[in-house]
Every structure is written in C-alpha cells, then in structure tokens.
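The chain contents come next:
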Amino acid sequence: MKRRQFITLLGGAAAAWPVAARAQQPAMPVIGFLNSASADGYAPMAAAFRQGLKEIGYVEGSNVAIEYRWAENQYYRLPSLAADLVSRRVTAIFANSPSVAPAKALTNTIPIIFLSGDDPVRLGLVASLNRPGVNVTGVNIFSGETATKRLNLLRELVPHASKIAILINTDFGASLRFGDDVEAAARMLGLTTERLSANDDREIERAFNELANARPDALLVGPGPLFDSQRNLLVALAAKVAIPTGHETRAIAVAGGLMSYGANVGDGYRQAGIYAGRVLNGEKPANLPVLQSTKFEFIINLKTAKALGLTVPDKLLALADEVIE
C-alpha cells in the first residue's frame, strides 16, 4: 500500500472513532413528570422529587432528564399529557394522584411511580400494597384517612364551633371520601355540616361567596393537589370572610391557613424520587412494595389565630410539630 493511501485510510478511521464511541454510549434516561397541578404551585414538590433522585445518584441534566407535564388543575388534560409522554417512550413516568390512572390506562410496559392520596388497591392501580404485580408502584400518603383527626383538632382550636363547612374537590376521589368521613364524625359530635365543592379557582371563589352568606363557624378544606396549589387564594379568601380553616398540608398553614394536619407530602415526593431512581437502576415496579407515609405533621399558624381572635390551648401548642408566629 502506498504511503498516501495508508495515511488517507488512517485519517478516515480516526475521524470515525468518536462517532462510533458516542453511538455506543447509553442514552440518558428520561423521566416523565406528570402532575395535575401547576409548576408554580408545586415547585417545592418537584424539588423534593429531584432530591430523592439525587439521593440515589441521579441529577437532572447530568445523568437523567425530566420531561415535565403540568395540567394546571385542568384534569381533562391529563390523558393527552400522559399520551404525549408515552409516545416519547420515556424511561419511566412519575404521576401524582389524579394523574396515575390516565397514565396506567395508556401503558403496561413503561414503569409508573405514583404519589397517591387514595387507596391504590381500591382504585385498581396495584394488586396489593406488598406486591403490586404490575408496572405501577409508589407512595401512599393517606389523604382521606385523616378526616376525623383534622376535625377534632380544628374543633379544639375553635371550641365554640357548632357548624362546620367542608370544601371538597369532586374530581378527586379522596376528597369526596374525606367529606363523607367529616360528616360522619361531625354527627357523632353533634355538629352540623355544610358541604361545598370547587374544581377550579373560579369555583373556589364562588364557594367562599356561599360561605359568606352561610356563616359557618369553621371550614375544613379537603385534600388534593388543587387546593394545595391554590393555597394563596384559599388563605386570602378565608381572611376576607374571617373564617378559621383546617387543611391537609404544611404549605397552606405556612401561607396563612389556621392549621394543617396530614402526611408530609414533600417527603412523599422525595420517596417517590428514590423509587424512580431504583427503577432506573433496573428494579421492577411489580417487586417494589407501595410505601406508606409514616411522617404526619400538625402545624398551627399562631399569627392567623391571633388575627381571628382565637386563643390556642397550651396542650395544642405542645402537640404541634411546628408553630408559625
């Protein structure tokens, strides 16, 4: 072979090496993040999910990509958003409570990790908590199971209360069951109740207009992403009609709600992030038991209590995991 031909062949091979090397590198895994709420309202939850991923070795933009899909509290958009993620053949999908069923309906192969406030077995998402048996697993935060406890805590904060209003999101099953449980517990305590519903921000405003006319003594707000993401609106409207309120999540109490009691939702998102990382590492959702929240927190906003003219009993202050002043 002539020297010039050899150099030409060698140069061509060298130029091809980087391309071949790149082709052999595994593609960065992609997680579809499907959420019924808004990016602004749920930014802390997305951050908690990324923290969970980080704890197991995955950092967004470094060795994992995340495709975010937010329904902006418009649940009818969830099937199309889920279909978009499935068509992109993402490696795994994270879905919050209202989002998991639309995602599961579209794929039985892409792993789905959920954070659910409702019973995933009752919803037919998994065969059992210990052995899901499908492409779906996740974290259950028991949104509906805290109704009686939250009612009792609110009543101790507002001891004169005899009429309790309940605000629920009828698009969210756990919120509906929460309303039923509060009504049953209230009857046992000799309290009267008034149920109101809201499925978007305009309906929340309408519900508070009804409250202004009905004048209940306190308001219990049902669980779910809608109310959590609309916490600033809820707090502003409650302050306008000067009504004591009880909520599910710490975020609403921090924003100005009187009190909250429920699972630590941020920790649930962190645990879901860890599970997503484990799935990326090759574990099968069918073999990952559904995790159940063990962190529950009771928060009192003392500043709001003072604005409402309420004196918080010392025993409640002692029970509180956090007092906001």
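Residues numbered from 1 in each chain as written. Predicted model: local features only at pLDDT ≥ 70, side-chain atom pairs only at ≥ 80, totals over all residues. Heavy atoms only, no water.

A. Structural view of the sheet that holds strand β2 (residues 65-70). Pairing is parallel across the open sheet formed by six strands, whose spatial order is β2-β1-β3-β4-β5-β11. The open sheet terminates on both sides in strands that have one partner only, identified here as β2 and β11 (291-292). Packing against the sheet, helix α3 (residues 78-87) makes contact with β1 (30-35), β2 and β3 (92-96), and its axis sits at approximately 180° to β1. Strands in contact with helix α11 (residues 265-280) are β1, β3, β4 (112-116), β5 (136-140) and β11; relative to β4, the strand with the most contacts, it is inclined by about 170°. (Pairing = 2+ DSSP bridges. Helix = DSSP H or I, 4+ residues; strand = E, 2+ residues; numbered from the N terminus. Contact = heavy atoms within 4.5 Å. Axes fitted to C-alpha atoms, helices over the stretch in contact; angles between N-to-C directions.)

B. View of the pattern of salt bridges. Tallied over the entire structure, the rule returns 17 salt bridges. Two residues, E156 and K315, come together in a salt bridge whose shortest N-O distance is 3.1 Å. Taken as a pair, E156 in helix α5 (residues 147-157) and K315 in helix α13 (residues 314-319) lie far apart in primary sequence, 159 residues in all. Residue D267 is joined to K295 by a salt bridge in which the shortest nitrogen-to-oxygen separation is 3.7 Å. Pair noted here: D267 is in helix α11 and K295 is in the loop between β11 and β12 (296-301), with a separation of 28 residues, a long-range link. Residue class for K295 comes out partly exposed when judged on its relative accessible area of 46%. Look at the salt bridges and you will find they share partners, linking E55, D267, R270 and K295 into a network. (Salt bridge = Lys/Arg side-chain N within 4 Å of Asp/Glu carboxyl O. Buried < 20%, exposed > 50% of the residue type's maximum accessible area, 1.4 Å probe, protein only.)

C. Representation of the pairing of β3. Counting buried positions along β3 yields five of five residues, so the element is predominantly enclosed. Alternating positions in β3 separate into two faces, A92, F94 and N96 on one and I93 and A95 on the other, with burial throughout. In this structure, β1 lies alongside β3, joined through four bridges in parallel fashion. Across the sheet, F33 pairs through a bridge with F94, a residue of β3. Note that β3 and β4 share four bridges and pair parallel. Counterpart to I93 in the pairing with β4 is I112. For the segment spanning β3, helix α4 (residues 97-104) and β4, crossover handedness is right-handed. (Right-handed = clockwise from strand over helix to strand, strands pointing away.)

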